[in-house]
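Structure assessment
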Amino acid sequence: MGIYMRLRNVTGSREAIAANDFVVHAPEKFKGKWNEYFGNDNPIHIEIGMGKGKFLIRLASENPDINYIGIEKYSSVLIRAVEKRKELDMGNLCLIRFDAEYINDIFDENEIARIYLNFSDPWPKDRHAKRRLTSVEFLSRYDKFLTADGEVIFKTDNRALFEFSLEQVEISGWNLRNYTYDLHHSEYAAGNIMTEYEEKFSTMGNSIHRLETCRKCRK
Ligand code: SAM
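So, here is what we can say about the structure in this document. Since this is a predicted model, take the numbers as computed values, not measurements. (Residues numbered from 1 in each chain as written. Predicted model: local features only at pLDDT ≥ 70, side-chain atom pairs only at ≥ 80, totals over all residues. Heavy atoms only, no water.)

Concerning the sheet that holds strand β3 (residues 93-97)
Spatially, seven strands are ordered β3-β2-β1-β4-β5-β7-β6 in an open sheet, and the strand pairing comes out mixed. Here the strands that pair on one side only, and so sit at the sheet edges, are β3 and β6 (175-180). Sheet twist, expressed as the mean angle between neighbouring strand axes with direction ignored, is 15 degrees. The pairing of β6 with strand β7 (residues 209-214) spans five bridges and is classified as antiparallel. When the bridges of β7 are listed, Thr180 appears paired with Arg210. Lying over the sheet, helix α5 (residues 136-143) contacts β1 (44-48), β4 (112-118) and β5 (146-156), oriented at roughly 145 degrees with respect to β5. (Pairing = 2+ DSSP bridges. Helix = DSSP H or I, 4+ residues; strand = E, 2+ residues; numbered from the N terminus. Axes fitted to C-alpha atoms, helices over the stretch in contact; angles between N-to-C directions. Contact = heavy atoms within 4.5 Å.)

Re the pattern of salt bridges
Applying the stated criterion across every chain, the model contains twelve salt bridges. For the salt bridge of Arg177 with Glu212, the shortest nitrogen-to-oxygen distance reads 3.4 Å. With Arg177 in strand β6 and Glu212 in strand β7, the pair connects residues that are 35 residues apart, well separated along the chain. Since its relative accessible area comes to 11%, Glu212 is described here as buried. Residues joined by salt bridges that share partners form a network here, namely Arg114, Glu151, Arg177, Arg210 and Glu212. (Salt bridge = Lys/Arg side-chain N within 4 Å of Asp/Glu carboxyl O. Buried < 20%, exposed > 50% of the residue type's maximum accessible area, 1.4 Å probe, protein only.)

This is the structure we're talking about:
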């Protein structure tokens, strides 16, 4: 696992998560009904692998007219976001503990306008390529629930994963809207919100790579 997140078993994290209204416990029941959940027709953006949630909580507080769903596989990580979320009163953000492999069980056609993938696990072994969140397999899952011009925005410092992702976008026939190998010195630097991992890796001197892709871009 190297420098990537080492998972600790945070005692009581499952119970602490269960006690919060903004953590959705049976997300499958909202498939096709997320607008009802939020009580409005605003667009919905999601982050898969949100970690401690700094990025998404900031986005949600800056954009009250967009609904946000944070998805994280492990309760031991999600609990950190839950602790932060408790301090804020936002109706436009909810959190889900869920493995994105089954994401088609929770979102329906045309339901999601944007997916953020930030510093996703690299799964460096070839035999694990299908687990990478930018693989052809995952793009085809996203294709089933993104809006017509829905998009994926991906950031990483991992060059091999980034190059793999550019390749997978092409193989999938998606449109690459833009990309950069050095986000912090690019035209996309203004307005960039740093994630926990982004802060850590850029402090170490790593360049941050970023791409935007959509299944049906308006160019
Ligand atoms: N996005 C955060 C950031 O940039 O600071 C965290 C990055 S961390 C390296 C990747 C996160 O994705 C971990 O918290 C991990 O548990 C989560 N994750 C990995 N695979 C996942 C999956 N299949 N479904 C949901 N979350 C996943």
